[in-house]
Structures are given as structure tokens and as C-alpha cells.
Amino acid sequence: MVVNFYENVDDELLKFAVIIAKTEGKYIFCKHRCRNTLEVPGGHREPGEMILDTAKRELYEETGAIDFSINPICVYSVIKDCSNDVQESFGMLYCADVKSFEGELHSEIEKIVIMDALPKEWTYPEIQPKLLEEAKKRGH
């Protein structure tokens, strides 16, 4: 699996939004109900949805964030080589500063975890650490 970064691509290629979210300078990670690992908030773009709206929706759904600022970082892609069928999927990487949260979550996320350090057990270990590394390189 290969992760690449771009300044931009055609909007219709963007299928995902991933948000590196922080509150009071600490990272916000999500724990899915069916997993024992952590991940950054994000998800699939709905038909007809602007990619920024995808990011805002996913941030709210997965963390309960209700007061936040959000900004684009860059486009990323993931290339999977599935037995000679190379597939590249694109997403937009965002950063968000969350000021306040709703009392409860209304999604598949069991809980959020707020921490200074990065998790040891990632849901997507081949992708998400690289996204955070790129965000740091770009000053986020």
C-alpha cells in the first residue's frame, strides 16, 4: 500500500475526508464499537456532498464536535495493488480545532480518546500515521 500527497486533484475524485482533530492542543482519536484500535475521524463522501461538508459531518458524527474550525491540509491518495489491479483512491486531509463537544455520540463510534501522543494500536496503521506525519511537515 502506498500513500501519496497532492496539492489538489479534480473534485470528483475526492471520495474521503479525514480530519486530524485536536482540542486544547491534544489529538482526538475515535474508537469504533467493533474494534480495539484507534483512528482519526473521517469517512466517505455522500453523493452530491461538497468534500468540506463531508469533513464537517464526519467530524461531528465521529467525535460529537459542535464548535470547531476546520481547514484543508492537502489531498492524499492510497494505492492498493490487488493482484495486478492497481487502484488509487483520493481523499482530502483536514485539520480541525475543536472548542466543544455534544454530550453523546450518534454513530458507530463507541468513544473518543483525547491524548498528547499518537496511539500504538491503529485501525489503519499503513495509512493514518503517514497522514499525521504529512500534516506535521506542513505545519499542522
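In case you missed it, the structure is sitting above this.
Just so you know, these numbers come straight off a predicted model, no measurement behind them.

Draft legend 1. Up close: the nonpolar core. Residues I20, I73, L93 and L131 are the most contacted members of the largest nonpolar core, which totals 18 residues. Going through the elements one at a time, strand 2 (14-23), strand 3 (26-32), strand 5 (65-82), strand 6 (85-101) and helix 2 (128-137) are the ones with two or more residues in this core. Once residues within four sequence positions are removed from consideration, L131 is found in contact with V3, F5, V18, I20, Y76 and L93. With 16 residues, the next largest nonpolar core counts A17, V75, M92 and Y94 among its residues.

Draft legend 2. Expanded view of the pattern of salt bridges. For the structure shown, the criterion picks out eleven salt bridges. Linking R138 and E7 is a salt bridge whose minimum nitrogen-to-oxygen distance equals 2.9 Å. Here E7 lies in the loop between strand 1 (2-6) and strand 2 and R138 lies in the segment after helix 2, a separation of 131 residues in the sequence. R138 gets classed as partly exposed once you look at its relative accessible area, which sits at 28%.

What counts and what doesn't
Residues numbered from 1 in each chain as written. Predicted model: local features only at pLDDT ≥ 70, side-chain atom pairs only at ≥ 80, totals over all residues. Heavy atoms only, no water. Core = buried A, V, L, I, M, F, W, Y, C linked by side-chain atoms within 4.5 Å. Buried < 20%, exposed > 50% of the residue type's maximum accessible area, 1.4 Å probe, protein only. Helix = DSSP H or I, 4+ residues; strand = E, 2+ residues; numbered from the N terminus. Contact = heavy atoms within 4.5 Å. Salt bridge = Lys/Arg side-chain N within 4 Å of Asp/Glu carboxyl O.

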